[in-house]
Protein chains: 2
Amino acid sequence: MKGLPSLERAVVVLSRFPGVGPKSARRMVHHLLRRGHGETGELIEALEGVRDRIRGCACCHNLAEEDSGAGEILCWICEDPLRDRSRLCVVEEPSDLLAIEKAGLFKGMYHVLGGRLSPLDGVGPDALNLASLESRLAGEGFAELIVATNSTVEGEATAHFVARLAEPFVPCITRLAHGLPMGGELEYIDESTLYQAIVGRRNFKI
Amino acid sequence: MKGLPSLERAVVVLSRFPGVGPKSARRMVHHLLRRGHGETGELIEALEGVRDRIRGCACCHNLAEEDSGAGEILCWICEDPLRDRSRLCVVEEPSDLLAIEKAGLFKGMYHVLGGRLSPLDGVGPDALNLASLESRLAGEGFAELIVATNSTVEGEATAHFVARLAEPFVPCITRLAHGLPMGGELEYIDESTLYQAIVGRRNFKI
Ligand SMILES: [Zn+2]
Ligand SMILES: [Zn+2]
């Protein structure tokens, strides 16, 4: 709308969020304007916190928050002396790490690749955190490497790349199981998941 | 997640947007972190623009953008010498005004109430821009007042309040027509809309 360039600019920038179209971006800006300056100020402060205090962990590339603002920082997992330092779980993104943490079973260490191999988008091995992964594999003596990339074509390709990289260093390399989601009904599961669930079937303990 | 208070804070604040739950707020923050500091900085700047430059129009309470930063400002409609100053359209929110402008037919002036009467939520006449409406009605000599509040119970009550307020000043007071949306199929229209469409039926010009 002519006459409101600042509003239009905010709509454009908010529309970049995945799943937020121009219509909902506009609704968001009007919501802020209805709520008044305090609400917008709180959002600005929160975003400044994200921009200024969230960093990549110097060891595993997970998200980490710095209190001081100076030098390299470690994430809460790398800093935790109670974690099992014999197992390493490789994930694509910090959000994948958080999902695994939420499941609550795995108590080892992580390495965040920062994406997946995608030659068509120009994402080769150099664009991912693979050099630091290799030096960790060579130096930290892991007993098991769990390759927890996504079940997509690119995630699988990345998993194979990581597994080959790790082979000289780690005796046991595993991959997350495929199968039915808990509570999932066969009727609604896609066929490739069902195929993997049948391939991976296990003895029924009775 | 412990260890990332800035991220959690941003999730909380973003979750306040209507239609944005904690899950999508989290996805938004991770999107920003993936895109890097520049993207978050652009969003912060855009929000600062909204907070610091968007004001209420001193005449009609529409949104207006100030270039200078000093004193009272008028919106692009109140400033436009080509608008028809004999007609006034009363709406609840600036977003309603923008919707009517997009329709492109109305070329008169507006008055934005800043909400609707809602006694249960403590929104009485004093909370809306009704005093300034009355002084405009008394002073500007409008030929027609279009009451374009929403078709909700509260919007209708507000419309009646505005119409009674305007009666001494304006010869012609109108309300937007109810009826079938363009392209709407009878089967899918709610019954009260259909009722209003039948009540308001017009001669078929053949
Ligand atoms: Zn770490
Ligand atoms: Zn105005």
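Structure first, text after, so check above.
Here the structure is a predicted model, which is why all the values come from computation and not from measurement.

**Q** Any chance you could explain the sheet that holds strand β3 (residues 87-91) of chain A here in plain terms?
**A** Pairing between sheet strands relies on hydrogen bonds along the backbone, with the strands arranged either parallel or antiparallel. All names here are of chain A. Strand order in the open sheet made by the 4 strands is β4-β3-β5-β6, with parallel pairing throughout. The strands lining the two open edges of the sheet, one partner per strand, are β4 (109-112) and β6 (172-175). Here the strands of the sheet are splayed against their neighbours by 25° on average, with no regard to which way each runs. Where strand β5 (residues 144-147) lies against β6, 4 bridges are found, and the strand directions are parallel. Paired with L145 across the bridge in β6 is I173. Contacts between helix α5 (residues 131-140) and the sheet are confined to β3, β4 and β5, with β4 contributing the most and set at about 150° to the helix. Seen against the sheet, helix α6 (residues 153-166) touches β3, β5 and β6 and runs at an angle of roughly 175° to β6.

**Q** What should I look at first to understand the sheet that holds strand β3 (residues 87-91) of chain B in this one?
**A** Residues and elements named next belong to chain B. Ordered in space as β4-β3-β5-β6, the 4 strands form an open sheet in which the pairing is parallel. The open sheet terminates on both sides in strands that have one partner only, identified here as β4 (109-112) and β6 (172-175). Shown here is a sheet whose adjacent strand axes are inclined to one another by a mean of 25°, direction ignored. Judged from the 4 bridges that link them, β3 and β4 form a sheet pairing that is parallel. Directly across from L88, in β4, lies its bridge partner M109.

**Q** I'm lost on the coordination of the zinc ion (ligand 2) in this one. Help?
**A** Tetrahedral coordination by four donors places them ideally at 109.5 degrees to one another around the metal; octahedral coordination by six donors ideally gives 90 or 180 degrees. Residue and element names in this part refer to chain B. Summarising the metal site, the zinc ion (ligand 2) is bound by the protein donors C57 (SG), C60 (SG), C75 (SG) and C78 (SG), whose distances to it range over 2.3 to 2.4 Å. Between the 4 donor atoms coordinating the zinc ion (ligand 2), the angles at the centre fall across 103 to 115°, so the site counts as tetrahedral. Sequence spacing of the donor residues for the zinc ion (ligand 2), all on one chain, is C-x2-C-x14-C-x2-C. Each member of the pair C75 and C78 is classed as buried.

**Q** I would appreciate a short explanation of unusual backbone geometry in the present structure.
**A** Leaving glycine out, the prevailing phi sign among residues is negative, and the prevailing peptide bond configuration is trans. Look at H61(A): it is not a glycine, yet its phi comes out positive at around 70°. Note on placement: H61(A) falls in the loop between β1 (54-56) and β2 (63-65).

**Q** Looking at this structure, how should I read the side chain of H111(B)?
**A** All names here are of chain B. Here H111 is to be found in strand β4. Here H111 falls in the buried class, since its relative accessible area comes to 0%. A polar atom in the side chain of H111 sits 3.4 Å from the backbone nitrogen of L133. With residues near it in sequence (within four places) discarded, H111 still touches C59, C60, H61, L88, C89, V90, V91, N129, S132, L133 and R136.

Thresholds, definitions, all that
Residues numbered from 1 in each chain as written. Chains lettered and ligands numbered in written order. Predicted model: local features only at pLDDT ≥ 70, side-chain atom pairs only at ≥ 80, totals over all residues. Heavy atoms only, no water. Pairing = 2+ DSSP bridges. Helix = DSSP H or I, 4+ residues; strand = E, 2+ residues; numbered from the N terminus. Axes fitted to C-alpha atoms, helices over the stretch in contact; angles between N-to-C directions. Contact = heavy atoms within 4.5 Å. Donors = N, O, S within 2.8 Å, 3.2 Å for Na, K, Ca; no water. Tetrahedral: all angles 85-135°; square planar, octahedral: opposite > 155°, others 65-115°. Buried < 20%, exposed > 50% of the residue type's maximum accessible area, 1.4 Å probe, protein only. Polar contact = N/O pair within 3.5 Å; in protein donor to acceptor, adjacent residues only side chain to side chain.

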